[in-house]
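Chain by chain, the residues run as shown.
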Protein chains: 2
Amino acid sequence: MRNILLTIKYDGTNYAGWQRQSGKRTVCGRLEEVLSSYFDMDIKLEGTSRTDAGVHALGQRATLRADIKVPIEKLAQVINTALADDRLEGISDIEIVDAKEMPEGFHARFDSKGKRYIYKIRNTKDIDIFKKNYCFHVREPLDLEAMKKAAEHIVGTHDFACFQTAGGNSVSTTVRTVSSLTIEKENEYLIVKIEGDGFLYNMVRIIVGTLVEVGLGKRTADSVKDIIESKNRSNAGRTAPASGLYLDEVFY
Amino acid sequence: MRNILLTIKYDGTNYAGWQRQSGKRTVCGRLEEVLSSYFDMDIKLEGTSRTDAGVHALGQRATLRADIKVPIEKLAQVINTALADDRLEGISDIEIVDAKEMPEGFHARFDSKGKRYIYKIRNTKDIDIFKKNYCFHVREPLDLEAMKKAAEHIVGTHDFACFQTAGGNSVSTTVRTVSSLTIEKENEYLIVKIEGDGFLYNMVRIIVGTLVEVGLGKRTADSVKDIIESKNRSNAGRTAPASGLYLDEVFY
């Protein structure tokens with residue numbers, strides 16, 4: 001049986017997240033529906049990351065195991081055509097960026113070595129309703145240098161229990177390694193990029209929520225060290241909204 | 001009774017248009033629901049333009065007739081707060097930009113002297129799924145000069161029956177005056193601005209669809225003169241998608 005790794009981009013605004021849920025419009029559900037109908041067989045995908053409702057992806061990964069007959073170099077285009085939404089000129093809010101043949105034993109999630117997320121903060125007094133689903137609007141000015149200093153405390157291998165929302169998948173350990181965390185100004189945006197071997201439930205959004213509170217002067221940069229040491233979620237900042245989060249890349 | 005003119009901005013992506021329709025999520029319906037609940041009385045709005053599903057507005061106008069007690073200078077903020085969507089940090093996809101006290105006889109639609117629409121064409125080979133709801137993607141290069149030349153034939157007072165979709169409100173005449181029609185390049189976008197005393201059903205979208213066909217070389221610029229003279233819808237181009245259209249301003 002073929003084992004194909006798909007790289008998938010999506011606008012998560014109108015989806016209840018990646019993972020299929022009966023009765024809800026999900027990215028995985030939509031893809032499985034289109035693929036099953038197109039290939040006339042029951043097709044299931046196994047994704048790398050269960051992105052939440054409203055979270056976007058530039059490079060989600062998922063494996064498709066099936067004996068479909070389309071050559072690998074044509075597969076992305078074939079699926080994109082099947083996904084096309086006529087009303088909007090053949091552009092869906094899901095796009096297959098790449099398809100790659102993998103060995104039979106390969107697993108999109110278990111074989112992943114790490115991921116990078118991007119989080120977009122729009123830091124300007126003027127609200128733009130047309131951008132609301134694609135960033136986190138923060139009206140008050142943020143202190144970028146303080147946020148960068150706070151970020152230094154997060155990089156490394158730590159027990160990140162403080163940055164985890166209860167209710168996700170049960171995990172055997174809350175120790176994770178954040179290999180890189182950068183914040184750069186691009187026009188009216190602050191772009192947070194965070195890379196690591198794995199992330200706890202809502203971890204990126206709670207880290208960003210905490211960094212924003214540092215940027216607003218509600219916490220000191222150094223307080224982040226104490227928050228991590230406390231291992232207590234209630235000491236960290238609020239969970240930043242889903243709209244600003246993009247799963248950027250999965251590493252193998 | 002107070003007669004208040006509201007200026008309204010909205011992202012029309014997730015609405016079935018402006019006009020209230022039972023069982024559908026519409027901009028007018030959503031506003032009436034929020035206002036009626038907030039002021040605890042039955043509130044109806046009268047809008048200027050019945051924008052279609054997926055069409056956006058920067059300056060829709062609507063009158064609100066009711067004896068509400070809020071001072072005019074605080075009304076926009078009060079409604080915006082009532083509209084706020086918690087999940088997205090208090091930003092709704094509808095925003096009241098302005099509220100103005102008007103004389104009792106004033107009517108948002110009948111007293112309008114004209115309107116300006118903006119249409120955004122994204123003209124680049126690379127699709128961006130995150131922009132699909134906010135423009136019309138045209139992948140093949142467009143000839144801007146040919147489009148500008150075609151636009152000259154449209155400016156003026158003409159019978160625009162060729163640019164009307166059947167099925168809109170019945171109109172006593174299909175003669176309209178287009179006072180201005182410009183097309184400017186802004187980065188990867190072509191921005192069409194069209195101003196006139198009134199527009200037939202789908203008129204802007206059919207004009208844009210026709211201009212795009214001129215830009216692609218499928219029609220000559222001068223053929224637009226013949227299309228208008230024919231008064232026949234089937235001679236014009238296809239209707240450009242709703243996603244690129246913005247009601248920009250209403251004139252009184």
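Caption draft 1: The arrangement of the overall build of chain A in detail. When its secondary structure is counted, chain A shows 5 helices and 10 strands. Over its C-alpha atoms chain A spans a radius of gyration of 19 Å, differing by no more than 12% from the 18 Å that the globule rule assigns to 252 residues. Dimensions of chain A, computed from C-alpha atoms along their principal axes, come out at roughly 55 × 40 × 30 Å. Expressed as a percentage of its 252 residues, the buried residues of chain A come to 55%. Long-range pairs, those at least 24 residues apart, make up 71% of the contacts in chain A between residues at least 6 apart in sequence. Surface exposure of chain A reaches about 11200 Å², of which carbon and sulfur atoms provide 47%. Placing the 36 positive and 36 negative side-chain charges of chain A at their respective mean positions leaves the two points 3 Å apart.

Caption draft 2: Spotlight on the packing of helix 3 (residues 144-154) of chain B against helix 5 (residues 223-230) of chain B. Residue and element names in this part refer to chain B. Put simply, helix 3 and helix 5 touch, their axes get as near as 8 Å, and they point 30° apart. With respect to helix 5, the axis of helix 3 lies roughly parallel. Judged by the sense of rotation from one axis to the other, the crossing of helix 3 with helix 5 is right-handed. Within the contact between the two elements, helix 3 uses A150, H153 and I154 and helix 5 uses V224, K225 and I228.

Caption draft 3: Representation of the relation of the copies chain B and chain A in the model. For these two chains of identical sequence, chain B goes onto chain A by a turn of 180° and a shift of 0.0 Å along the axis, with RMSD 0.0 Å. What we have between these two chains is a two-fold relation. Nearest to the rotation axis, the C-alpha of N14(B) is located 4.3 Å from it, this being the minimum over chain B. Most of the interface of chain B is mirrored in chain A: 100% of its interface residues are interface residues there too.

Caption draft 4: Molecular detail of the pairing of strand 3 (residues 56-65) of chain B. Residues and elements named next belong to chain B. When you tally the buried positions in strand 3, you get 8 out of 10 residues, the bulk of the element. In terms of strand pairing, strand 1 (residues 3-10) meets strand 3 through 7 bridges, oriented antiparallel. Residue pairing in the sheet places I4 in a bridge with L64 of strand 3. With 3 bridges connecting them, strand 2 (residues 45-47) and strand 3 associate as antiparallel partners. Within strand 3, the residue paired with E46 across the bridge is T63. Note that strand 3 and strand 10 (residues 245-251) share 2 bridges and pair parallel. The partner of H56 across the bridge, within strand 10, is Y246.

Caption draft 5: Highlighting the packing of aromatic side chains. Applying the stated criterion to the full structure yields 17 aromatic pairs over all chains. An aromatic cluster of at least three residues, connected via ring pairs, comprises F130(A), Y134(A), Y246(A), F130(B), Y134(B) and Y246(B). In this structure, K120(A) is placed above the aromatic ring of Y246(A), and the distance from its NZ or CZ to the ring centre is 4.7 Å.

Caption draft 6: Helix 3 (residues 144-154) of chain A, seen in detail. Residues and elements named next belong to chain A. Within the span of helix 3, buried status applies to L144, A146, M147, A150, A151, H153 and I154. When helix 3 is viewed along its axis, its buried side chains cluster within an angular range of 160° and face the same direction. Across helix 3 from its buried face, at more than 90 degrees, point the exposed residues E145 and E152. Structurally, helix 3 contributes buried residues whose contacts are with strand 5 (114-123), strand 7 (156-159), strand 8 (175-186), strand 9 (189-196), helix 4 (203-215) and helix 5 (223-230). The N-capping residue of helix 3, defined by a side-chain oxygen 3.2 Å from the backbone nitrogen of E145, is D143.

Caption draft 7: Highlighting the side chain of R116(B). All names here are of chain B. Within the element layout of this structure, R116 appears in strand 5 (residues 114-123). According to the relative accessible area criterion, R116 is buried, its value standing at 17%. One polar contact links R116 to E195, side chain to side chain, over a distance of 3.2 Å. At 2.7 Å, the side chain of R116 and the side chain of D248 are in polar contact. Look past the residues within four positions of R116 in its chain and what remains in contact with it is I194, E195, Y246, L247, D248, E249 and F251.

How each quantity is defined
Sequence order sets the numbering: in each chain, residues are counted from 1 along the sequence as written. Written order determines the labels here, with chains lettered from A and ligands numbered from 1. It should be noted that, the model being predicted, local features are given only for residues of pLDDT at least 70 and side-chain atom pairs only at 80 or more, the latter also being counted only at that level, while totals for whole chains, interfaces and linings use all residues. Each side-chain value is worked out from all heavy atoms of the structure, with water and hydrogens disregarded. Under the scheme used here, helices are H or I runs from DSSP no shorter than 4 residues and strands are E runs no shorter than 2 residues, and both carry numbers assigned from the N terminus. Note on method: radius of gyration uses C-alpha positions; expected globular size equals 2.2 Å times residues raised to 0.38. Whether a residue is buried, partly exposed or exposed follows from its accessible area with a 1.4 Å probe, protein chains only, as a fraction of its type maximum: under 20%, in between, or over 50%, in that order. Only heavy atoms matter for contacts: two residues are in contact if any of them lie within 4.5 Å across the pair. Surface exposure here means Shrake-Rupley accessible area, sampled with a 1.4 Å probe, where a residue is shielded only by the protein chains that are shown. Counted as positive: Lys and Arg. Counted as negative: Asp and Glu, with His and the chain ends omitted from the count. The atom standing in for a charge is NZ when the residue is Lys, CZ when it is Arg, CG when it is Asp and CD when it is Glu. Simply put, an axis is a line fit to the C-alpha atoms, just over the touching stretch for a helix, and the angle between two N-to-C directions goes from 0 to 180 degrees. Any angle from 65 to 115 degrees is called roughly perpendicular, while one under 35 is roughly parallel, one over 145 is roughly antiparallel, and all others are oblique. Helix crossings get a hand from a simple test, with the near helix turned counterclockwise from the far one by less than a right angle marking a left-handed crossing and a clockwise turn marking a right-handed one. Superposing copies: least-squares fit, C-alpha atoms only, residues required to have pLDDT of at least 70 in both. Following DSSP output, two strands are said to pair if at least two bridges run between them. Aromatic rings from Phe, Tyr and Trp, with only the six-membered ring used for Trp, were paired whenever their centres fell within 6.5 Å, and each pair was classed as stacked if the ring planes differed by under 30 degrees, edge-to-face if by over 60, and tilted otherwise. Any Lys NZ or Arg CZ that is within 6 Å of a ring centre and within 35 degrees of that ring's normal is treated as a charge sitting over the ring. In this description, one arc is meant: the one made by directions from the helix axis to the C-beta atoms. Identification of polar contacts relies on pairs of N or O atoms within 3.5 Å, with a donor-acceptor requirement for protein atoms, meaning one able to donate a hydrogen and the other able to accept it, and with residues adjacent in sequence counted only if both atoms are side-chain atoms.

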